[in-house]
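So the chains spell out like this:
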Amino acid sequence: MAIAPVKGTKDIYKDEALYHRYVSSFLRSTVELYGFKEIETPVLEHTEVFTHGTGESSDVVRKEMYTFEDKGSRSVTMRPEFTAGIVRSIVSNKWYATEDLPLKMYYHGPAFRYERPQLGRYRQFHQFGVEEIGLDSARADAEIVIMAIHSLSVLGFKNVKLKINSIGDAESRNNYKKALVEYFSSRIDEMCPDCKERLELNPLRILDCKVPADQEIAKGAPSMKDYLSEASEKRFYETLSIINDFGIEYEVDDGLVRGLDYYSEMVFEIHILSEEGKDYGAVCGGGHYGGLVKLLGGPDLPGVGYAMGVERVVSLMQDNHLLDDVKETTDVYVMPIGQDMLDDAFTLTMNVRSLGYSAETPMANMKMGAMFKKAEKRGCKIALILGEEELNSGVVQMKNLETQVQKTVALDDLEDVLNEELNPSSGCGCGCSCDGDCDCEGGECECGGKCCCSEEKN
């Protein structure tokens, strides 16, 4: 019988794998501009890393974790999110004492949550995110928000919406929770079972409920801004001022609390809007947290970070036609003429690969037309045609599949010609007045233009 994948999981192959790699490569290169370094933590952690770190009142811990006993009767959990595991690694390795602070880390990998599968959301999914730990600064909070928006703009998103809020320090949240309990207690019988549990565990979570009727009730709830301590209010507006200085528009959303218990002070989400203004929902979220490092056995260090689901980003990029030109290509297809040339074509293919170019060749005899179709399907740029006559003469026929120009190339010159065809140079590379369409020598270009690297040439 055919065995289907586990519900909520999927196989990622070919174009989709290329899209994932494309997205992650741009996200990595962007956060590296800000000085972030990659970290990889285990998929499996002791369960208490998440029950203590993520928070027992969060939906993730209460309903969504894949938790089981291993063969040693130890409770382990497949990570539902990265932050708690990264903090555990910092404490376990004592990086807070041996590395310069703040620690600036980025991650990319699979996470697991038992939730209802839907478009762009799976039970096994991939997250990309960052953590900056060890610096308590509104400027660090603002930098994280700016970096998240920068990352999405690099991917091509033009219309993004920043929603931001402050849930304050411990004093602010305690006062606010009391106000929420007082407000919701008289209406809780009308609300969903989850909200009834949240009222006891953490009333802030009620504001994150997705049930429409409960959302209507929550609209009348007290506002967090009315319970912020003076210090939290000052910090929040300092963060907003920095973001505003960089021309980033934002909406202060009083109902934004995020779904994990470790957050404090500033929290945010970034929504993607269609060209028509339709809100596709949050693609990225995060915020400031305090006490998490201490809770997991380290010193009392603050942190700030964000995460985004790669599947969600890829789906939205496809909807916005941002991946239409992203295609897997092969540089060279080597075409043997006849059965007797298969071995020599294979050797030539290996030589091309040794030059750093991707190359393919058929493993069995094929007609020329079929080979050209394969080359086209693979997006090849160059065809190398090798027959017995070419081999005896020490040459190969090279056809540029984009321009359709074909020429004879000596095998001894193949590297230089491939470099020229696949990596065309721009004159001397100086960006001179002739735009690199001719060679520069002695400070002068063949076209009579002035070479801007003439001082070096002379």
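Residues numbered from 1 in each chain as written. Predicted model: local features only at pLDDT ≥ 70, side-chain atom pairs only at ≥ 80, totals over all residues. Heavy atoms only, no water.

Enquirer: Where do I start with helix α7 (residues 170-185) in this structure?
Expert: Working note: α-helix, 3.6 residues per turn, so residues spaced by three or four point in the same direction. Taking 1.5 Å of rise per residue, the 16 residues of α7 would be expected to cover 22 Å, and the 22 Å separating its terminal C-alpha atoms lies within 8% of that figure. Among the residues of α7, those classed as buried are S172, R173, Y176, A179, L180 and F184. Each buried residue of α7 sits inside an arc of 125° when the element is viewed along its axis, so together they form one side. The exposed residues of α7 that point more than 90 degrees off its buried face are E171, K178 and E182. (Helix = DSSP H or I, 4+ residues; strand = E, 2+ residues; numbered from the N terminus. Expected span 1.5 Å × (residues − 1). Buried < 20%, exposed > 50% of the residue type's maximum accessible area, 1.4 Å probe, protein only. Arc of directions from axis to C-beta.)

Enquirer: Quick question: what am I supposed to make of the nonpolar core here?
Expert: Grouped burial of nonpolar side chains is what soluble globular proteins tend to show. Judged by nonpolar contacts, the single largest core of 43 residues is most densely connected at F268 and Y306. It is helix α6 (residues 138-154) that provides the largest number of residues to this core, a total of 8 residues. Y176, M191, M224 and L256 belong to the second-largest nonpolar core, a separate cluster that totals 41 residues. (Core = buried A, V, L, I, M, F, W, Y, C linked by side-chain atoms within 4.5 Å.)

Enquirer: Where do I start with the packing of helix α1 (residues 15-32) against α6 in this structure?
Expert: Where α1 meets α6, the closest approach of the two axes is 9 Å, and the angle between their N-to-C directions is 140°. By the angle between their directions, the pair α1 and α6 is classed as oblique. For α1 against α6, the interelement crossing comes out right-handed. Residue-level contacts link F26, L27, T30 and V31 of α1 to M147, H150, S151 and V154 of α6. Residue classes in the contact of α1 with α6 are distributed as 5 nonpolar, 3 polar and no charged. (Axes fitted to C-alpha atoms, helices over the stretch in contact; angles between N-to-C directions. Parallel < 35°, antiparallel > 145°, perpendicular 65-115°, else oblique. Left-handed = near helix turned anticlockwise from the far one by under 90°. Contact = heavy atoms within 4.5 Å. Nonpolar A, V, L, I, M, F, W, Y, C, P; charged D, E, K, R; others polar.)

Enquirer: Any chance you could explain the sheet that holds strand β2 (residues 44-46) here in plain terms?
Expert: Picture the strands of a sheet paired through backbone hydrogen bonds; they go either parallel or antiparallel. Strand order in the open sheet made by the 3 strands is β2-β4-β3, with antiparallel pairing throughout. With partners counted over all chains shown, the strands left at the sheet margins are β2 and β3 (66-69), one partner each. Going from strand to strand, the sheet's axes swing by 35° on average, the running direction of each strand aside. (Pairing = 2+ DSSP bridges.)

Enquirer: Got a minute to help me understand the packing of α6 against helix α10 (residues 230-245) in this structure?
Expert: For any two helices packed against each other, one specifies the inter-axial angle together with the distance between the axes. For the pair α6 and α10, interaxial distance at closest approach is 9 Å and the crossing angle is 45°. One way to sum up the angle between α6 and α10 is to call them oblique. Handedness of the α6/α10 crossing: right-handed. Every residue of α10 that contacts α6 at A138, R139, D141, A142 and V145 is listed here: R235, E238, T239, I242 and I243. Across the contact of α6 with α10, the residue classes break down as 5 nonpolar, 1 polar and 4 charged.

Enquirer: In this structure, what is going on with unusual backbone geometry? I would like to understand it.
Expert: The phi torsion of most residues other than glycine is negative, and most of the peptide bonds are trans. Of note, the bond from L101 into P102 is cis; its omega dihedral lies within 30 degrees of zero at 5°. Relative to the helices and strands, P102 is located in the loop between α5 (95-98) and β5 (103-112). Its identity as a non-glycine residue notwithstanding, E265 has a phi of 55°, on the positive side. Relative to the assigned elements, E265 resides in strand β9 (residues 263-273). Assessed through its relative accessible area of 11%, E265 is described here as buried. Backbone geometry at Q404 places phi at a positive 70°, although glycine is not the residue there. Looking at the secondary structure, you find Q404 in the loop between β15 (395-400) and β16 (406-410).

Enquirer: Honestly, the confidence of the model for the protein in this entry has me stumped. Any pointers?
Expert: Predicted coordinates in regions of low pLDDT should not be interpreted in detail. Looking at the protein as a whole, its pLDDT mean stands at 89, while 91% of the residues score no less than 70. Segment residues 453-458: pLDDT under 50, and 9 contacts once partners within four positions in sequence are set aside and those in other chains are kept. (pLDDT = per-residue confidence, 0-100.)

Enquirer: What's the story with the sheet that holds strand β6 (residues 124-133) in this structure? I'm lost.
Expert: As summarised here, the arrangement of the 8 strands in space is β1-β5-β6-β11-β10-β9-β7-β8, forming an open sheet in which the pairing is mixed. The open sheet terminates on both sides in strands that have one partner only, identified here as β1 (37-38) and β8 (250-252). Pairing geometry for strand β7 (residues 160-166) and β9, over 7 bridges, is antiparallel. Pairing of S166 across the sheet is with M266, part of β9.

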